[in-house]
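What the coordinates show
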Amino acid sequence: MYTQAMDTAPKEERKAVRSAEEAALEQRFDTKLDDGGFIEAKDWMPAHYRKTLVRQISQHAHSEIVGMLPEGNWATRAPTLKRKCILLAKIQDEGGHGLYLYAAAETLGTSRDELFDALHSGKAKYSSIFNYPTLSWADIGVIGWLVDGAAIMNQVPLTRCSYAPYARAMVRICREESFHQRQGFDALNVMMREGTDAQKAMVQDAVDRWWWPSLMMFGPPDSESTHSEQSMRWGIKRISNDDLRQKFVDATAQQAQVLGVTLPDPLLKWNEARGHHDFGPIDWAEFWRVVGGHGPCNKERLAARVKAWDDGAWVRDAALAHARKQTTRQEAA
Ligand code: BYC
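A few points on the structure. (Residues numbered from 1 in each chain as written. Predicted model: local features only at pLDDT ≥ 70, side-chain atom pairs only at ≥ 80, totals over all residues. Heavy atoms only, no water.)

Quick look at the overall build of the protein now. When you go through the protein residue by residue, the secondary structure sums to 13 helices and two strands. The dimensions of the protein, computed from C-alpha atoms along their principal axes, are 90 × 60 × 35 Å. Counting every position in the protein, which comprises 333 residues, the buried fraction comes to 45%. Pairs at least 24 residues apart make up 76% of the contacts formed inside the protein by residues separated by at least 6 positions. Just so you have it, the protein exposes about 18,100 Å², and 56% of that area is on carbon and sulfur atoms. Separation of charge centres in the protein, based on 42 positive and 44 negative side chains, amounts to 4 Å. (Helix = DSSP H or I, 4+ residues; strand = E, 2+ residues; numbered from the N terminus. Buried < 20%, exposed > 50% of the residue type's maximum accessible area, 1.4 Å probe, protein only. Contact = heavy atoms within 4.5 Å. Areas by Shrake-Rupley, 256 points an atom, 1.4 Å probe, with all protein chains shown as cover. Lys, Arg positive; Asp, Glu negative; His and termini not counted. Charge placed at Lys NZ, Arg CZ, Asp CG, Glu CD.)

Quick look at the structure:
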């Protein structure tokens, strides 16, 4: 039969050569990671490593931009000009984090349109925590203290993630998250030190509502975590879900004492033998309900993102038209 192919070996033979080549590449990839090396966008990587990274980085990016919504709810109602400026800056930072992360995901060969499609169609996940409502101003402080606190605990190890573009994005994100956590603690501290009894009660109420969902941010227990084992082997995750959760509980229990609030867990207690705090059982049924789309605000959050995307269509069209006009002018010059 007529063919222009250079390689006329039988199909099975070609497959064997390809898989031997792939095995050698995979061996080199594994050795690099075992030696503590990092992978760059143009390096060879197994398809599953690429897919895992696109999944995690895009979920992370979606969480950042969906995370702007519960805070945006209070942008017009911040109690002072100073707090309003801080809140606006924080919300803008979250938008920026989303953009660094979408850019990091794009280096893996997935387009931003595909990533947004997955979010808007409800296929892609984002952090469970953003499906809870922000009912009072104290919620904004508690999001900074607990939610950003949990985010830092989870994200500092990601600055050493084996995929270098993600690791580099995380360095800047963590610096900004650290400011977010401190501003949240400061806002609560002012309410607890100088506030009225009603304001103190508002802080306690917010802590009571956000504590358990914050612990869920770290993901399911290690025994039920689908991706942990492989992601740890590849150096995408450096510390397990349960270990990070424990570190967070230990750090936060002390901060709660300084603030003068009670964490809503009667079983929370320092365990001298373990050198850690023991804590009560997490309601994993609630976690899976929220992750499955049935939390208090899932529908509202997704609808707000889709609306923002649709309302922004004219801006994207205008930017594209402007870029086309500039290219035509440059070509004509
Ligand atoms: N919510 O095998 P596992 C922020 C899913 S942004 C929803 O342990 P993995 C901030 C998981 O995706 C915070 N889903 O997964 C922003 C998987 O489902 P799929 C976001 C969750 O990936 C603005 C399944 O459960 N941070 O802090 O090894 C303002 C099994 O889980 C959750 C990041 O994204 C959850 N909480 O570990 C303020 C950090 N947990 O994909 C603050 C980067 C798990 O198979 N991501 N699932 O359908 C990570 O570190 C890891 O992806 C996780 C989960 C630790 C979250």
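This paragraph deals with the side chain of R301. Residue placement: R301 occurs in helix α12 (residues 298-311). The buried category is assigned to R301, whose relative accessible area is 6%.

Okay, the site of the ligand next. Taken together, 33 residues form the shell around the ligand, and within it K125, S128, S225, H227 and K237 come nearest. One of the backbone N or O atoms of T226 is found 2.9 Å from an oxygen atom in the ligand. Contact with the protein chains removes 91% of the 1,000 Å² of surface that the ligand exposes when unbound. Among the elements of the structure, α2 (47-66), α6 (137-155) and α11 (284-294) are those that each provide at least two residues to the shell around the ligand. Of the residues belonging to the shell around the ligand, the class tally is 13 nonpolar, 14 polar and six charged. (Near = heavy atom within 4 Å. Polar contact = N/O pair within 3.5 Å; in protein donor to acceptor, adjacent residues only side chain to side chain. Nonpolar A, V, L, I, M, F, W, Y, C, P; charged D, E, K, R; others polar.)

Turning next to the nonpolar core. Counting residues in each nonpolar core, the largest one holds 71 residues, and the members touching the most others are Y49, L53, I57, W145, Y163, Y166 and W210. Not counting chain neighbours up to four residues away, the residues in contact with Y166 comprise L53, Q56, I57, H60, L101, A104, L158 and C161. (Core = buried A, V, L, I, M, F, W, Y, C linked by side-chain atoms within 4.5 Å.)

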